[in-house]
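Structural characterization, general
Residues per chain, in single letters:
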Amino acid sequence: MTVINTNTSAMRATNASVQANRSLSTSMERLSTGKRINSAKDDAAGLSIANRMTSQTKSMAMAVRNANDGISLAQTAEGAMGEVTNMLTRMKELATQSANGTLQDTDRTALQSEMTQLTAEINNVAKTTSFNGNNLLDGSKSSVKLQTGINADQNISMALTDTRASTLGLTAQVGNNAVAGATALAANGITINGQNVGAAATADAKDVATAINGVTTNSGVVATAKNKVEANITSFTAGNSLTIGSTAVVLTAAEKDVNAVAAKINSTLGSSSTIAASVSDTGKLVLTSSDGGNISVTDTNSMLANGTDIKGGTVTFATTAVVTRGNVTLESQNGSGITVAGTAAGLTASGLTAGSTSAISISTQTGASAAMSVIDSALDKVSAARGTMGAAQNRLESTVNNLTTTATNLSDAKSRIEDADFSTETTALAKAQILGQASTAMLAQANQSQQGVMKLLG
């Protein structure tokens, strides 16, 4: 049948031309970008998988940086402890020399002068050694958690050691387990090395430490307040709340574990708050007061259990405010001892105990002999801490190697899914170009084929 209204040959040629041009466009796009998948229409499932792999490889690269930062931190701490070891070794030499019976007291006084300076420098190293603003050796942190994986629970906890002279037993330190009482310290309620201490503003370890530090110039003693409380979270029900101080923290459906609750507390309290939440290595919620001030918690919906304060005592949370008070630690700054005295009420309010604590001294032969064992103990502690840091560095190096290998293999797998095969695509391009030209030629022929009708009409 001869017709002119419907030119099926031209329609087929047109369709073939469109398909050829579409294939040509796809091949050119893939060759231009180097990717087989440029949009979801190319391969929806492949795009989803490739995007997930991209996220993982980028996170792994950041985890490698984190681990390398951890290595740098460990090297910083270990290097500082190496210098502390050198000073302790020199102190052992001085103590051994002073213990010799051939020396006069004036000789030992000269040796003690160097001992005092070395002790002060050990303190200085401990208090000034830091990495990115984080103090490493002053006891402010017992560990640092390094995020070395791409999931929340993939981390490494690196132990930090307090290498202050007082902690090593080189100078006097008292009150480490003392908790401030419920009554405010009155003026002249206690004396430190014979110096009367002024009144504390409140029944708060922070204020007690401030009052004691008011006479540091004359007493040679510095007070530090610390406070924290730990607890297990027994419920993560949306709508339940904790009130910390005067701020209510209300859980939502997003807070399903202790890490999320800690983040919620910190965001609600804000950066200006002296109280911060974190998670212990055993998975407990930890509230820490940066200045040693009181921590008040109201457990409105009975979310907390097994609470402990800074001295390890039991804390029973309730629907009314429960106040946890911190402790006050005294540390000699000039190598001398610490003598605490006062009224019963004053000692109770400060949480301190009357008595004297001596620092090591090599100004006498007997003192020098006693100092030798103390210094040996300090050397053992620092050496053990350095060993721990060295082991952590080795572990982190292995972590870096593993992450690098995994990221490489993951990138290779992503490439197989996402990247264009240039051999295949150049062949497809040539095919599309030939088909495009051929379909155009056939369309011209199909359009010309209808001209034969005119002969029938003639």
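Keep in mind the model is a prediction, meaning the values are calculated, not measured.

Here's the deal with the sheet that holds strand β13 (residues 295-298)
Across a sheet, strands are paired by hydrogen bonds formed along the backbone, either parallel or antiparallel in direction. Read from one edge to the other, the open sheet built from four strands follows the order β10-β9-β13-β16, with strand pairing classed as antiparallel. The outermost strands of the open sheet, each flanked by one partner alone, are β10 (247-250) and β16 (322-324). This sheet shows a mean twist of 25° between the axes of neighbouring strands, independent of strand direction. As paired strands, strand β9 (residues 241-244) and β13 are joined by two bridges and run antiparallel to one another. Pairing of Ile 244 across the sheet is with Val 297, part of β13. Those strands touched by helix α6 (residues 258-269) are β9 and β10, and its axis lies near 145° from that of β10.

Remarks on helix α3 (residues 105-128)
Taking 1.5 Å of rise per residue, 24 residues should cover 34 Å, and α3 covers 34 Å from first to last C-alpha, within 8% of that figure. Taken together, the buried positions of α3 are occupied by Arg 108, Leu 111, Gln 112, Met 115, Leu 118, Thr 119, Ile 122, Asn 123, Val 125 and Ala 126.

Topic: the packing of helix α1 (residues 8-33) against helix α9 (residues 422-449)
For the pair α1 and α9, the least separation of the axes is 8 Å and the interaxial angle reads 155°. Here α9 runs roughly antiparallel to α1, going by the angle between their axes. Handedness of the α1/α9 crossing: left-handed. The class makeup of the residues in the contact of α1 with α9 is 15 nonpolar, eleven polar and two charged.

Details of the pattern of salt bridges
Summed over the entire model, instances satisfying the criterion amount to 13 salt bridges. Between Arg 36 and Asp 43 there is a salt bridge, with its nearest N and O atoms 2.9 Å apart. Relative accessible area serves as the criterion here: at 24%, Arg 36 is assigned to the partly exposed category. We note a salt bridge from Arg 90 to Glu 93, for which the minimum N-O separation is 3.6 Å.

Some points on the pairing of strand β12 (residues 285-289)
Among the five residues in β12, four count as buried, and that is most of the element. As judged from the five bridges shared by strand β8 (residues 221-233) and β12, these two strands associate in the antiparallel manner. Bridging from a neighbouring strand, Glu 230 pairs with Val 286 of β12. Strand direction decides the pairing type here: strand β11 (residues 275-279) and β12, joined by five bridges, are antiparallel. Counterpart to Ala 276 in the pairing with β12 is Thr 288. Taken together, β11 and the strand that follows it, β12, pair antiparallel across an intervening segment of five residues, in which Gly 283 is found at a positive phi of about 85°.

Considerations on the sheet that holds strand β19 (residues 355-357)
One open sheet accounts for four strands, arranged β7-β6-β18-β19; its pairing is antiparallel. Edge strands, defined here as strands with exactly one partner in the open sheet, are β7 (195-196) and β19. As judged from the two bridges shared by strand β6 (residues 190-192) and β7, these two strands associate in the antiparallel manner. Looking across to β7, one finds that Thr 191 is bridged to Asn 196.

Calculation criteria
- Residues numbered from 1 in each chain as written.
- Predicted model: local features only at pLDDT ≥ 70, side-chain atom pairs only at ≥ 80, totals over all residues.
- Heavy atoms only, no water.
- Pairing = 2+ DSSP bridges.
- Helix = DSSP H or I, 4+ residues; strand = E, 2+ residues; numbered from the N terminus.
- Axes fitted to C-alpha atoms, helices over the stretch in contact; angles between N-to-C directions.
- Contact = heavy atoms within 4.5 Å.
- Expected span 1.5 Å × (residues − 1).
- Buried < 20%, exposed > 50% of the residue type's maximum accessible area, 1.4 Å probe, protein only.
- Parallel < 35°, antiparallel > 145°, perpendicular 65-115°, else oblique.
- Left-handed = near helix turned anticlockwise from the far one by under 90°.
- Nonpolar A, V, L, I, M, F, W, Y, C, P; charged D, E, K, R; others polar.
- Salt bridge = Lys/Arg side-chain N within 4 Å of Asp/Glu carboxyl O.

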